[in-house]
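# Results of the structural survey
Chain residues, written in single-letter form:
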Amino acid sequence: MDVKEELVKLCHKIGNRIPTWTQGQGGNASLKENGKLWIKASGERLDSVAASRGLAVLDINGFLAEIQPSPSISDENQYSKAIAETKDPSYGTPSMETGFHAVLPRRVVLHFHSLAAILMGHVMEHQETKWKSWISTHTKKSQICPVPLICPGRKLMAAIGDLPRAEIYILKNHGVILHSDSEGILDQWQALEIQFCEAFGYKTLKALLESTHPWSDATAQVKEIHSKELKLYFPDAAVFKPQLNLHLAKNRSIGDPAILAERAERNLDEILCATVLLNLLEPKLQEISPELALEIRGMPLEKERIQKISRNSESGNK
Ligand SMILES: [Zn+2]
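Along each chain, residues carry numbers from 1 onward, in the same order as the chain's sequence is written. Restriction of local features to residues with pLDDT of at least 70 applies here, the model being predicted, together with a cutoff of 80 or more for giving and counting side-chain atom pairs; totals for whole chains, interfaces and linings are based on all residues.

### Regarding the overall build of the protein chain
Helix and strand assignments come from DSSP, with helices taken as H or I runs of at least 4 residues and strands as E runs of at least 2, each series counted from the N terminus. A count of helical and extended segments in the protein chain gives 16 helices and seven strands. Exposure classes come from backbone-placed C-beta atoms, where a residue is buried if 20 or more other C-beta atoms lie within 10 Å of its own, exposed if 12 or fewer do, and partly exposed in between. Counting the 318 residues in the protein chain, one finds 46% classified as buried.

Here it is, written out as C-alpha coordinates:
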(Lines give C-alpha, C1' and ligand atoms only; values in the text may rest on other atoms or scores of the structure.)
Protein backbone atom coordinates (compact mmCIF):
# COMPACT_ATOMS: atom_id res chain seq x y z
CA MET A 1 0.00 0.00 0.00
CA ASP A 2 1.16 3.54 -0.80
CA VAL A 3 2.39 5.40 2.31
CA LYS A 4 -0.25 8.11 1.91
CA GLU A 5 -3.09 5.60 1.70
CA GLU A 6 -1.69 3.75 4.70
CA LEU A 7 -1.56 6.98 6.72
CA VAL A 8 -5.10 7.98 5.69
CA LYS A 9 -6.36 4.60 6.89
CA LEU A 10 -4.65 5.04 10.26
CA CYS A 11 -5.97 8.61 10.63
CA HIS A 12 -9.52 7.42 9.97
CA LYS A 13 -9.22 4.50 12.38
CA ILE A 14 -8.31 6.91 15.19
CA GLY A 15 -10.53 9.75 13.94
CA ASN A 16 -13.66 7.60 14.02
CA ARG A 17 -13.42 7.17 17.80
CA ILE A 18 -15.02 10.47 18.87
CA PRO A 19 -14.86 11.60 21.65
CA THR A 20 -12.97 8.76 23.36
CA TRP A 21 -9.79 9.06 21.23
CA THR A 22 -10.07 12.35 19.42
CA GLN A 23 -12.01 15.61 19.53
CA GLY A 24 -12.11 18.36 16.90
CA GLN A 25 -8.83 18.73 15.02
CA GLY A 26 -6.83 17.08 17.82
CA GLY A 27 -4.50 14.13 17.48
CA ASN A 28 -2.08 13.19 14.74
CA ALA A 29 -0.54 10.17 13.08
CA SER A 30 2.71 9.75 11.16
CA LEU A 31 4.63 7.22 9.12
CA LYS A 32 8.31 7.36 8.22
CA GLU A 33 9.51 6.34 4.79
CA ASN A 34 12.85 6.97 3.02
CA GLY A 35 13.90 9.76 5.37
CA LYS A 36 10.56 11.54 5.09
CA LEU A 37 7.97 12.01 7.79
CA TRP A 38 4.40 11.80 6.51
CA ILE A 39 2.06 13.38 9.01
CA LYS A 40 -1.41 14.82 9.37
CA ALA A 41 -1.49 18.53 8.54
CA SER A 42 -2.17 21.10 11.25
CA GLY A 43 -5.80 22.15 11.68
CA GLU A 44 -7.15 19.09 9.88
CA ARG A 45 -9.55 16.61 11.46
CA LEU A 46 -8.25 13.03 11.53
CA ASP A 47 -11.51 11.79 9.98
CA SER A 48 -11.36 14.23 7.05
CA VAL A 49 -7.83 13.44 5.86
CA ALA A 50 -7.54 12.02 2.32
CA ALA A 51 -4.57 11.10 0.09
CA SER A 52 -5.03 14.45 -1.68
CA ARG A 53 -5.92 16.56 1.36
CA GLY A 54 -4.83 17.17 4.94
CA LEU A 55 -1.41 15.51 4.76
CA ALA A 56 2.04 17.05 5.17
CA VAL A 57 5.55 15.74 4.61
CA LEU A 58 8.92 16.90 5.86
CA ASP A 59 12.56 15.89 5.71
CA ILE A 60 13.41 14.25 9.07
CA ASN A 61 17.18 14.89 9.14
CA GLY A 62 16.77 18.45 7.88
CA PHE A 63 14.21 19.20 10.58
CA LEU A 64 16.26 17.64 13.41
CA ALA A 65 19.40 19.47 12.25
CA GLU A 66 17.61 22.82 12.40
CA ILE A 67 16.26 22.10 15.87
CA GLN A 68 19.42 20.68 17.51
CA PRO A 69 21.78 23.72 17.59
CA SER A 70 19.47 25.88 19.72
CA PRO A 71 20.30 25.65 23.44
CA SER A 72 16.89 27.04 24.41
CA ILE A 73 14.08 24.53 24.55
CA SER A 74 11.53 27.32 24.83
CA ASP A 75 12.24 28.84 21.44
CA GLU A 76 8.89 28.10 19.85
CA ASN A 77 9.47 30.49 16.95
CA GLN A 78 12.55 28.54 15.91
CA TYR A 79 10.54 25.32 16.19
CA SER A 80 7.79 26.69 13.91
CA LYS A 81 10.46 27.97 11.51
CA ALA A 82 12.16 24.55 11.34
CA ILE A 83 8.81 22.94 10.48
CA ALA A 84 8.06 25.58 7.85
CA GLU A 85 11.51 25.32 6.23
CA THR A 86 11.77 21.55 5.99
CA LYS A 87 8.23 20.76 4.86
CA ASP A 88 7.39 19.95 1.25
CA PRO A 89 5.53 23.10 0.09
CA SER A 90 3.23 21.14 -2.21
CA TYR A 91 1.58 19.61 0.90
CA GLY A 92 0.04 21.11 4.06
CA THR A 93 1.67 22.54 7.21
CA PRO A 94 2.76 19.66 9.46
CA SER A 95 1.05 19.29 12.84
CA MET A 96 2.48 21.43 15.68
CA GLU A 97 3.30 18.13 17.39
CA THR A 98 5.62 17.09 14.54
CA GLY A 99 8.64 17.32 16.88
CA PHE A 100 8.13 14.10 18.82
CA HIS A 101 7.02 12.28 15.67
CA ALA A 102 10.41 13.14 14.15
CA VAL A 103 12.47 12.44 17.26
CA LEU A 104 10.95 8.98 17.89
CA PRO A 105 12.80 6.57 15.56
CA ARG A 106 10.21 3.88 14.80
CA ARG A 107 8.07 3.96 11.68
CA VAL A 108 4.61 4.37 13.23
CA VAL A 109 3.86 7.20 15.69
CA LEU A 110 0.26 7.82 16.73
CA HIS A 111 -0.82 10.54 19.12
CA PHE A 112 -4.35 11.19 20.28
CA HIS A 113 -6.29 12.63 23.17
CA SER A 114 -7.43 9.37 24.67
CA LEU A 115 -9.75 9.84 27.64
CA ALA A 116 -8.56 6.52 29.10
CA ALA A 117 -4.94 7.74 28.94
CA ILE A 118 -5.92 10.94 30.79
CA LEU A 119 -7.59 8.78 33.47
CA MET A 120 -4.49 6.54 33.62
CA GLY A 121 -2.45 9.67 34.35
CA HIS A 122 -4.82 10.36 37.23
CA VAL A 123 -4.85 6.87 38.77
CA MET A 124 -1.08 6.42 38.56
CA GLU A 125 -0.84 9.32 41.04
CA HIS A 126 -3.94 8.69 43.15
CA GLN A 127 -4.01 4.88 43.25
CA GLU A 128 -0.30 4.29 42.83
CA THR A 129 -0.06 0.80 44.32
CA LYS A 130 -3.05 -0.57 42.45
CA TRP A 131 -1.87 1.05 39.20
CA LYS A 132 1.66 -0.38 39.53
CA SER A 133 0.42 -3.88 40.16
CA TRP A 134 -2.19 -3.67 37.35
CA ILE A 135 0.13 -2.22 34.72
CA SER A 136 2.93 -4.70 35.51
CA THR A 137 0.61 -7.61 34.75
CA HIS A 138 -0.62 -6.03 31.49
CA THR A 139 2.54 -4.62 29.90
CA LYS A 140 6.29 -5.11 30.00
CA LYS A 141 8.06 -2.48 32.11
CA SER A 142 10.02 -1.09 29.15
CA GLN A 143 6.88 -0.83 27.03
CA ILE A 144 5.21 2.00 28.91
CA CYS A 145 6.48 5.41 30.03
CA PRO A 146 4.56 8.12 31.92
CA VAL A 147 5.19 11.73 30.85
CA PRO A 148 4.42 14.70 33.13
CA LEU A 149 2.27 17.57 31.88
CA ILE A 150 4.42 19.53 29.42
CA CYS A 151 3.51 22.28 26.98
CA PRO A 152 2.94 20.66 23.54
CA GLY A 153 5.30 21.54 20.71
CA ARG A 154 9.03 21.95 21.18
CA LYS A 155 9.09 21.33 24.94
CA LEU A 156 7.17 18.08 24.60
CA MET A 157 9.51 17.03 21.80
CA ALA A 158 12.56 17.70 24.01
CA ALA A 159 11.03 15.76 26.92
CA ILE A 160 10.12 12.75 24.77
CA GLY A 161 13.60 12.80 23.21
CA ASP A 162 15.20 12.58 26.68
CA LEU A 163 13.00 9.76 27.99
CA PRO A 164 13.81 6.07 27.56
CA ARG A 165 12.35 4.58 24.37
CA ALA A 166 8.93 3.01 24.93
CA GLU A 167 5.96 1.89 22.86
CA ILE A 168 3.34 3.69 24.95
CA TYR A 169 3.81 7.16 26.44
CA ILE A 170 1.02 8.20 28.80
CA LEU A 171 0.89 12.01 28.72
CA LYS A 172 -0.56 13.45 31.91
CA ASN A 173 -3.61 15.68 31.19
CA HIS A 174 -3.09 15.21 27.47
CA GLY A 175 -3.39 11.71 25.97
CA VAL A 176 -1.15 9.00 24.58
CA ILE A 177 1.70 8.51 22.10
CA LEU A 178 2.04 5.06 20.53
CA HIS A 179 5.44 4.31 18.96
CA SER A 180 6.09 1.09 17.10
CA ASP A 181 7.31 -0.59 13.92
CA SER A 182 3.86 -2.06 13.50
CA GLU A 183 0.37 -0.59 13.21
CA GLY A 184 -0.83 -3.47 15.43
CA ILE A 185 0.10 -1.26 18.39
CA LEU A 186 -3.23 0.54 17.96
CA ASP A 187 -5.29 -2.63 18.55
CA GLN A 188 -3.07 -3.53 21.52
CA TRP A 189 -3.69 -0.10 23.02
CA GLN A 190 -7.44 -0.36 22.48
CA ALA A 191 -7.51 -3.68 24.35
CA LEU A 192 -5.42 -2.18 27.17
CA GLU A 193 -7.83 0.77 27.52
CA ILE A 194 -10.81 -1.57 27.87
CA GLN A 195 -9.02 -3.71 30.48
CA PHE A 196 -8.03 -0.55 32.35
CA CYS A 197 -11.63 0.72 32.51
CA GLU A 198 -12.77 -2.66 33.75
CA ALA A 199 -10.10 -2.83 36.48
CA PHE A 200 -10.60 0.75 37.71
CA GLY A 201 -14.40 0.90 37.49
CA TYR A 202 -14.82 3.34 34.57
CA LYS A 203 -17.90 1.51 33.26
CA THR A 204 -19.32 4.38 31.19
CA LEU A 205 -16.05 4.80 29.34
CA LYS A 206 -15.69 1.06 28.79
CA ALA A 207 -19.12 0.99 27.14
CA LEU A 208 -18.13 3.90 24.88
CA LEU A 209 -14.86 2.19 23.92
CA GLU A 210 -16.77 -0.92 22.91
CA SER A 211 -19.58 0.95 21.17
CA THR A 212 -19.87 1.13 17.39
CA HIS A 213 -21.47 4.60 17.79
CA PRO A 214 -19.36 6.24 20.50
CA TRP A 215 -20.38 9.80 19.59
CA SER A 216 -24.14 9.33 19.82
CA ASP A 217 -23.75 7.20 22.96
CA ALA A 218 -21.47 9.83 24.54
CA THR A 219 -23.78 12.75 23.77
CA ALA A 220 -26.67 10.82 25.30
CA GLN A 221 -24.61 10.68 28.53
CA VAL A 222 -23.67 14.35 28.72
CA LYS A 223 -26.81 16.20 27.53
CA GLU A 224 -28.13 16.93 31.00
CA ILE A 225 -25.09 18.80 32.25
CA HIS A 226 -23.92 20.68 29.19
CA SER A 227 -24.03 24.08 30.85
CA LYS A 228 -21.51 23.11 33.53
CA GLU A 229 -18.52 25.36 34.05
CA LEU A 230 -15.78 24.63 31.56
CA LYS A 231 -12.91 22.51 32.90
CA LEU A 232 -9.45 22.61 31.37
CA TYR A 233 -8.39 18.97 31.58
CA PHE A 234 -6.30 18.86 28.39
CA PRO A 235 -4.45 21.30 26.09
CA ASP A 236 -7.15 21.73 23.41
CA ALA A 237 -9.65 22.93 26.03
CA ALA A 238 -7.08 25.60 26.97
CA VAL A 239 -6.38 26.51 23.34
CA PHE A 240 -10.06 27.05 22.53
CA LYS A 241 -11.28 28.27 25.94
CA PRO A 242 -12.87 31.57 24.74
CA GLN A 243 -14.53 29.83 21.78
CA LEU A 244 -15.78 27.05 24.07
CA ASN A 245 -17.30 29.60 26.46
CA LEU A 246 -19.10 31.30 23.55
CA HIS A 247 -20.26 27.89 22.35
CA LEU A 248 -21.58 27.08 25.84
CA ALA A 249 -23.42 30.41 25.99
CA LYS A 250 -25.50 29.38 22.96
CA ASN A 251 -27.06 26.88 25.32
CA ARG A 252 -27.56 24.11 22.79
CA SER A 253 -27.28 20.47 23.79
CA ILE A 254 -24.07 18.70 22.94
CA GLY A 255 -24.69 16.54 19.87
CA ASP A 256 -27.43 18.80 18.47
CA PRO A 257 -27.74 17.55 14.85
CA ALA A 258 -27.67 21.17 13.57
CA ILE A 259 -24.08 21.34 14.83
CA LEU A 260 -22.95 18.56 12.52
CA ALA A 261 -23.48 20.90 9.58
CA GLU A 262 -21.09 23.51 11.02
CA ARG A 263 -17.59 22.15 11.25
CA ALA A 264 -16.11 24.73 13.62
CA GLU A 265 -19.03 24.33 16.02
CA ARG A 266 -18.74 20.58 15.78
CA ASN A 267 -15.02 20.69 16.70
CA LEU A 268 -15.90 22.68 19.82
CA ASP A 269 -18.81 20.39 20.63
CA GLU A 270 -16.51 17.38 20.64
CA ILE A 271 -13.96 19.03 22.95
CA LEU A 272 -16.78 20.04 25.27
CA CYS A 273 -18.27 16.56 25.25
CA ALA A 274 -14.90 15.04 26.24
CA THR A 275 -14.52 17.60 29.02
CA VAL A 276 -17.96 16.92 30.48
CA LEU A 277 -17.42 13.16 30.21
CA LEU A 278 -14.10 13.35 32.07
CA ASN A 279 -15.76 15.36 34.81
CA LEU A 280 -18.49 12.75 35.04
CA LEU A 281 -16.00 9.86 35.09
CA GLU A 282 -13.50 11.40 37.51
CA PRO A 283 -14.79 14.47 39.39
CA LYS A 284 -11.42 14.79 41.18
CA LEU A 285 -9.42 14.98 37.96
CA GLN A 286 -6.91 17.82 38.18
CA GLU A 287 -7.11 20.63 35.63
CA ILE A 288 -4.08 22.08 33.87
CA SER A 289 -2.75 25.17 35.62
CA PRO A 290 -3.85 28.66 34.45
CA GLU A 291 -0.17 29.50 33.76
CA LEU A 292 0.28 26.52 31.44
CA ALA A 293 -3.10 27.19 29.78
CA LEU A 294 -1.89 30.70 28.92
CA GLU A 295 1.45 29.41 27.67
CA ILE A 296 -0.29 26.91 25.37
CA ARG A 297 -2.62 29.56 23.96
CA GLY A 298 0.33 31.83 23.19
CA MET A 299 2.29 29.34 21.07
CA PRO A 300 2.77 30.47 17.43
CA LEU A 301 1.28 27.34 15.84
CA GLU A 302 -1.64 27.34 18.26
CA LYS A 303 -2.35 30.97 17.38
CA GLU A 304 -2.71 29.85 13.74
CA ARG A 305 -5.14 27.09 14.75
CA ILE A 306 -7.20 29.53 16.86
CA GLN A 307 -7.38 32.02 13.97
CA LYS A 308 -8.39 29.23 11.61
CA ILE A 309 -11.29 28.05 13.80
CA SER A 310 -12.39 31.67 14.44
CA ARG A 311 -12.44 32.39 10.70
CA ASN A 312 -14.46 29.24 10.14
CA SER A 313 -17.00 30.29 12.80
CA GLU A 314 -17.40 33.76 11.30
CA SER A 315 -17.86 32.57 7.72
CA GLY A 316 -20.44 30.03 8.79
CA ASN A 317 -17.81 27.45 7.83
CA LYS A 318 -17.46 25.79 4.49
ZN1 LIG B 1 -1.97 16.45 21.60
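### Things to note about the sheet that holds strand β2 (residues 36-40)
When DSSP finds two or more bridges between a pair of strands, those strands are recorded as paired. One open sheet accounts for seven strands, arranged β3-β2-β1-β4-β7-β6-β5; its pairing is mixed. Both outer strands of the open sheet, β3 (55-59) and β5 (144-147), are each paired with one neighbouring strand and no more. The sheet shows a mean angle of 15 degrees between the axes of neighbouring strands, direction not considered. In this sheet, strand β7 (residues 175-180) lies alongside strand β4 (residues 108-112) in antiparallel orientation, the contact comprising five bridges. Counterpart to L110 in the pairing with β7 is L178. Any pair of residues counts as being in contact when their C-beta atoms, constructed from backbone geometry, are within 7 Å of one another. Note on definitions: angles span 0 to 180 degrees between N-to-C directions of axes, and those axes are lines fitted to C-alpha atoms, for helices only across the stretch in contact. Packed on one face of the sheet, helix α5 (residues 115-126) meets β5, β6 (168-171) and β7 and runs near 75 degrees to β6.

### Some remarks on unusual backbone geometry
For residues besides glycine, phi is generally negative; the peptide bonds are generally trans as well. Along the chain, I18 connects to P19 via a cis peptide bond; the corresponding omega equals 0 degrees. One non-glycine residue with positive phi stands out, namely N34, at about 50 degrees. Checked against the element boundaries, N34 lands in the loop between β1 (28-33) and β2. Classification of N34 by C-beta neighbours within 10 Å gives exposed; the count is 6. Residue N173 is not a glycine yet carries a positive backbone phi of 50 degrees. By the secondary structure assignment, N173 is in the loop between β6 and β7.

### Overview of helix α7 (residues 154-162)
Of all the positions in α7, only R154, L156, M157 and I160 are classed as buried. Looking straight down α7, one finds that the buried residues subtend no more than 160 degrees of arc, so they occupy a single side. The inward-facing, buried residues of α7 abut α3 (76-86), α4 (98-103), β5 and β6. Taking the helix axis as origin, the arc is that swept by the directions to the C-beta atoms.

### Notes on the environment of S211
Structurally, S211 is set in the loop between α9 (203-210) and α10 (214-222). Separated by 194 residues in sequence, S211 and R17 place their C-alpha atoms 9.4 Å apart.

### Remarks on the pairing of β4
With five of five residues buried, β4 is to be regarded as a mostly interior element. Here β4 shows two buried faces, one formed by V108, L110 and F112 and the other by V109 and H111.

### Observations regarding α3
Among all positions of α3, only E76, Y79, S80, A82, I83 and T86 are buried. Taken around the axis of α3, the buried residues stretch over an arc of 155 degrees, which confines them to a single face. More than 90 degrees from the buried face of α3, the exposed residues found are N77 and E85.

### Focus: the packing of helix α8 (residues 185-200) against α9
At a minimum axis distance of 8 Å, the contact between α8 and α9 shows a crossing angle of 155 degrees. By the angle between their axes, α8 is roughly antiparallel relative to α9. Remark: the crossing between α8 and α9 carries left-handed chirality. Residues E193, I194, C197 and E198 of α8 form the contact with α9, whose participating residues are L205, K206, L209 and E210. Any residue outside Ala, Val, Leu, Ile, Met, Phe, Trp, Tyr, Cys, Pro, Asp, Glu, Lys and Arg is labelled polar, Gly included; the first ten of those are nonpolar and the last four are charged. Tallied by class, the residues present in the contact of α8 with α9 amount to four nonpolar, no polar and four charged. Note that the term roughly parallel is reserved for angles under 35 degrees, roughly antiparallel for angles over 145, roughly perpendicular for angles of 65 to 115, and oblique for everything else. The hand of a helix crossing depends on one turn: near helix anticlockwise from the far one by less than a right angle means left-handed, and clockwise means right-handed.

By themselves these figures say nothing about function.
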